[in-house]
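The chain contents come next:
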Amino acid sequence: MDGSYRIGRIFGIPILIHYTFLLVIPLFAYIIGSQINLTIDPVNGIIKVPIDATLITAGYMPYVLGIVISLGLFFGVLVHELAHSLVARRKGIAINSITLMIFGGIATMEEGVPDPKAELPMAMVGPVASLIFGIICYAVMFVTPSFITNPPVAGVVIFVAGYLGFLNIILCFFNLIPAFPMDGGRVLRAWLAGRMPLHKATQIAADIGKGFAILFGIVGLFTFEPFLILIALFIYIGANMESMAVKYSHVLQDVTVGSMMSAPVTTVGPTLSVSEVITMMYASKHLGFPVVDRGMLVGMITLADVNRMHSIDREALQVRDIMTKDLITLPPDAPVIEAFRLMSAKNIGRIPIMQDDIIVGIVTRTDILKVTELKQI
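None of these values were measured; they are calculated from a predicted model. Per chain, the residues get numbers from 1 upward, laid out in the order the sequence is written. Totals for whole chains, interfaces and linings use every residue, but because this is a predicted model, local features are given only for residues with pLDDT of at least 70 and side-chain atom pairs only at 80 or more, for both listing and counting. In computing side-chain properties, one takes all heavy atoms of the structure into account and sets aside hydrogens as well as water.

Engineer: Would you mind going over the overall build of the protein chain with me for this structure?
Structural biologist: If you tally the helices and strands in the protein chain, you get 13 helices and eight strands. For the protein chain, the proportion of its 377 residues judged to be buried stands at 44%. The criterion used for residue contact is that any of the two residues' heavy atoms lie within 4.5 Å. If you take every contact in the protein chain between residues at least 6 apart in sequence, the share linking residues at least 24 apart comes to 62%. Here the protein chain displays about 19900 Å² of accessible surface, and carbon together with sulfur accounts for 65% of that area. We score Asp and Glu as negative and Lys and Arg as positive, and we do not count His or the chain ends. The location of each charge is read from NZ of Lys, CZ of Arg, CG of Asp or CD of Glu. In the protein chain, 25 positive and 26 negative side-chain charges are present, and the distance between their average locations comes to 4 Å. Only runs of H or I of at least four residues qualify as helices and only runs of E of at least two qualify as strands under DSSP, and these elements are numbered from the N terminus. Type-normalised accessible area, obtained with a 1.4 Å probe on protein chains alone, sets the label of each residue: buried when under 20%, exposed when over 50%, and partly exposed for intermediate values. Only the protein chains shown count as cover for residues, and all accessible areas are computed by the Shrake-Rupley method using a 1.4 Å probe.

Next up, the structure:
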């Protein structure tokens, strides 16, 4: 994900932080810290353990505790996503990374068509992990008075552990709401997929998810809760994207790239000037060309490559100076859905089709969309 920075690995899985995570931590810390006097009594009422607030409300301590609780909340989110990822890996699904961001965490997986038998335990284990983490926080809270005899210090530990325990249990049950693509929605889809085709189960789960998104959005508007509105947008867009992806998988399941590729392919040489390539783009309405040198595919030049160069520099540059050299190719018998997955994952618009080291065609996003529309007739 763009704007993400790697901070390490856990169980061999890269852990990334998105820049929005760095923005939301100070925001959460400020909100928690500024309202700490208002939350002590409710937290005390929920956990039923006496809290000495002497140190909690002293000086800048409320904002320090706000940072600690915010980081603890996102640690709980990391535990949640790790649980998803480890179960997915046991089911044979490769995990690319886990990214912490404003909405929580996202585990990026190399997943094709969803398998309901694998999706059900994967979806359930996340909320279960949040519940266990919440219970552990409550356990720490209850045993604290036995190990820390200083009441103000014990009050800080009890408050933080109780707050985190409560938040993680809320996170558990919130994620079980059947609002696809949240965990509860994925459990619903897995259950439905045992009774009907996957694409129909996905459509029903996505429609229910959109319904919850609209409900969250309305509640957020009337209660002036912008974060709830953002969650509503996240759910609505996510449900729509996943529904479309499964729909494409169903419609294109028997189609190969060789049966729909564009051929013959217009290619350019590495010494052609960039200005001539722009002229070719205008004339052909194609926004990318494979670069072939002495019969070998050596790169791809696209409009994005051209746009990275200043207009003054383009006159002096050749194709080989700006072309993309690290190419993804597919054989003619590769499934179209594999091409679509690669385009989405790598953010590319076209893939050359190779046979015996010779380029025999090219497939673009537009080609896939056109075939999808025709297959639905």
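Engineer: Please clarify how the side chain of Ser85 should be interpreted in this entry.
Structural biologist: Following the sequence through the fold, Ser85 ends up in helix α3 (residues 61–90). Overall, Ser85 belongs to the buried group, its relative accessible area being 0%. The definition of a polar contact used here is a pair of N or O atoms within 3.5 Å, where within protein one atom must be able to donate a hydrogen and the other to accept one, and adjacent residues in sequence count solely through side-chain atom pairs. One polar contact links the side chain of Ser85 to the main-chain carbonyl oxygen of Glu81, over a distance of 2.9 Å. Excluding residues within four positions of it along the chain, Ser85 makes contact with Ile13, Ile95, Ile98 and Ala107.

Engineer: I keep staring at the nonpolar core and nothing clicks. Help me out?
Structural biologist: In globular proteins that are soluble, nonpolar side chains generally tend to be buried together. Ile47, Ile56 and Phe159 are the most contacted members of the largest nonpolar core, which totals 44 residues. When sequence neighbours within four positions are dropped, the list of residues in contact with Ile56 reads Ile36, Ile40, Ile51, Met61, Pro62, Leu65, Gly155, Val156 and Phe159. Grouped together as the second largest cluster of nonpolar side chains are 18 residues, Met260, Ile353, Ile368 and Val371 included. As used in this record, nonpolar core signifies buried Ala, Val, Leu, Ile, Met, Phe, Trp, Tyr and Cys residues forming a set joined through side-chain atoms within 4.5 Å.

Engineer: Even after reading the chapter, I still don't get the packing of helix α7 (residues 198–223) against helix α8 (residues 226–251), so can you show me in this structure?
Structural biologist: Helix-helix packing: each pair is described by the crossing angle between the helix axes and the interaxial distance. Working convention: axes come from line fits to C-alpha atoms, limited for helices to the stretch in contact. Angles between N-to-C directions cover 0 to 180 degrees. Contact geometry for α7 and α8: axes closest at 8 Å, N-to-C directions at 165 degrees. In terms of orientation, α7 and α8 fall into the roughly antiparallel class. α7 and α8 meet at a crossing whose hand is left-handed. We call Asp, Glu, Lys and Arg charged. Ala, Val, Leu, Ile, Met, Phe, Trp, Tyr, Cys and Pro are nonpolar, and the rest, Gly among them, are polar. Looking at the contact of α7 with α8, its residues break down into 15 nonpolar, nine polar and two charged. These descriptions rest on fixed angle ranges, namely under 35 degrees for roughly parallel, over 145 for roughly antiparallel, 65 to 115 for roughly perpendicular, and the rest for oblique. Here a crossing is taken to be left-handed if its near helix is turned anticlockwise relative to the far helix by less than a right angle, and right-handed if that turn runs clockwise.

Engineer: Looking at this structure, how should I read unusual backbone geometry?
Structural biologist: Most of the time, phi is negative for any residue but glycine, and the peptide bond is trans. A cis amide bond links Phe180 to the next residue, Pro181, at an omega of 15 degrees. Its place among the elements puts Pro181 in the loop between α5 (151–175) and α6 (183–193). At Phe224, a position not held by glycine, the phi torsion is positive, near 55 degrees. Of note, Phe224 is situated in the loop between α7 and α8. Positive phi values are uncommon outside glycine, yet Arg294 reaches one of about 55 degrees. The residue Arg294 is located in the loop between β5 (288–293) and β6 (296–302) in this model. By relative accessible area, which is 79% here, Arg294 ends up exposed.

Engineer: Where do I start with the sheet that holds strand β4 (residues 104–110) in this structure?
Structural biologist: Two modes of strand pairing occur in sheets, parallel and antiparallel, and in both the strands are linked by backbone hydrogen bonds. Taken together, the four strands give an open sheet; going across it, the order is β1-β2-β3-β4, and neighbouring strands pair in mixed fashion. The open sheet has two edge strands, β1 (4–10) and β4, and neither has a second partner. Each adjacent strand pair in this sheet contributes to an overall mean axis angle of 25 degrees, direction not counted. Strand pairing is assigned whenever DSSP identifies at least 2 bridges connecting the two strands. In this sheet, strand β3 (residues 94–101) lies alongside strand β2 (residues 13–18) in parallel orientation, the contact comprising three bridges. Following the sheet pairing, Ile17 is matched in β3 by Leu100.

Engineer: What is the right way to read the pattern of salt bridges from this model?
Structural biologist: One side chain can pair with another of opposite charge once the charged atoms of both are near each other. Salt bridges are identified by distance alone: a Lys or Arg side-chain nitrogen within 4 Å of an Asp or Glu carboxyl oxygen. This structure, assessed with the given rule, holds six salt bridges. Put simply, Glu119 and Arg189 hold a salt bridge, and the shortest N to O gap is 2.5 Å. Taken together, the residues Glu119 in helix α4 (residues 116–147) and Arg189 in helix α6 connect sequence positions 70 residues apart. The residues Glu119 and Arg189 share a single accessibility class, namely buried. Of the charged contacts, one joins Asp305 and Arg308 as a salt bridge, the two residues approaching to 2.2 Å between their closest N and O atoms. Asp305 gets classed as buried once you look at its relative accessible area, which sits at 2%.

Engineer: Just checking my understanding: could you explain the packing of α4 against α5 for this structure?
Structural biologist: The geometry of α4 relative to α5 is characterised by a closest axis approach of 8 Å and an angle of 160 degrees between their N-to-C directions. When the interaxial angle is binned, α4 and α5 end up roughly antiparallel. The handedness of the crossing between α4 and α5 is left-handed. The residue inventory of the contact of α4 with α5, partitioned by class, reads 17 nonpolar, seven polar and no charged.

Engineer: I tried to follow helix α9 (residues 274–284) on my own but got confused; where do I start?
Structural biologist: Helical geometry: 3.6 residues make up each α-helical turn, so side chains three or four residues apart lie on a common side. Within the sequence span of α9, burial applies to Val274, Val277 and Met281. For α9, the angular spread of the buried residues around the axis is 50 degrees, confining them to a single face. Turned more than 90 degrees away from the buried face of α9, the exposed residues are Thr279, Tyr282 and Ala283. Where the residues of α9 are buried, they touch β5, β6, α10 (303–307) and α11 (319–322). Among the residues trailing α9, Lys285 stands out with phi positive, at a value near 65 degrees. By construction, the arc corresponds to the directions joining the helix axis to the C-beta atoms.

Engineer: Just to check I follow, could you spell out a nonpolar patch on the surface for this structure?
Structural biologist: Surface patches are drawn from residues lacking salt bridges whose relative accessible area is over 30%; two like charges belong together within 9 Å, two nonpolar side chains (Val, Leu, Ile, Met, Phe, Trp, Tyr) within 5 Å. A surface patch of nonpolar side chains, amounting to about 660 Å² of accessible area, comprises Leu120, Met124, Val128, Ile132, Ile136, Val140, Phe173 and Leu176. Of all the elements, α4 adds the most residues to the nonpolar patch, at six residues. Along the chain, Ile136 falls in helix α4. Ile136 gets classed as partly exposed once you look at its relative accessible area, which sits at 47%.

Remember that the coordinates give geometry; whether it matters functionally is a separate question.
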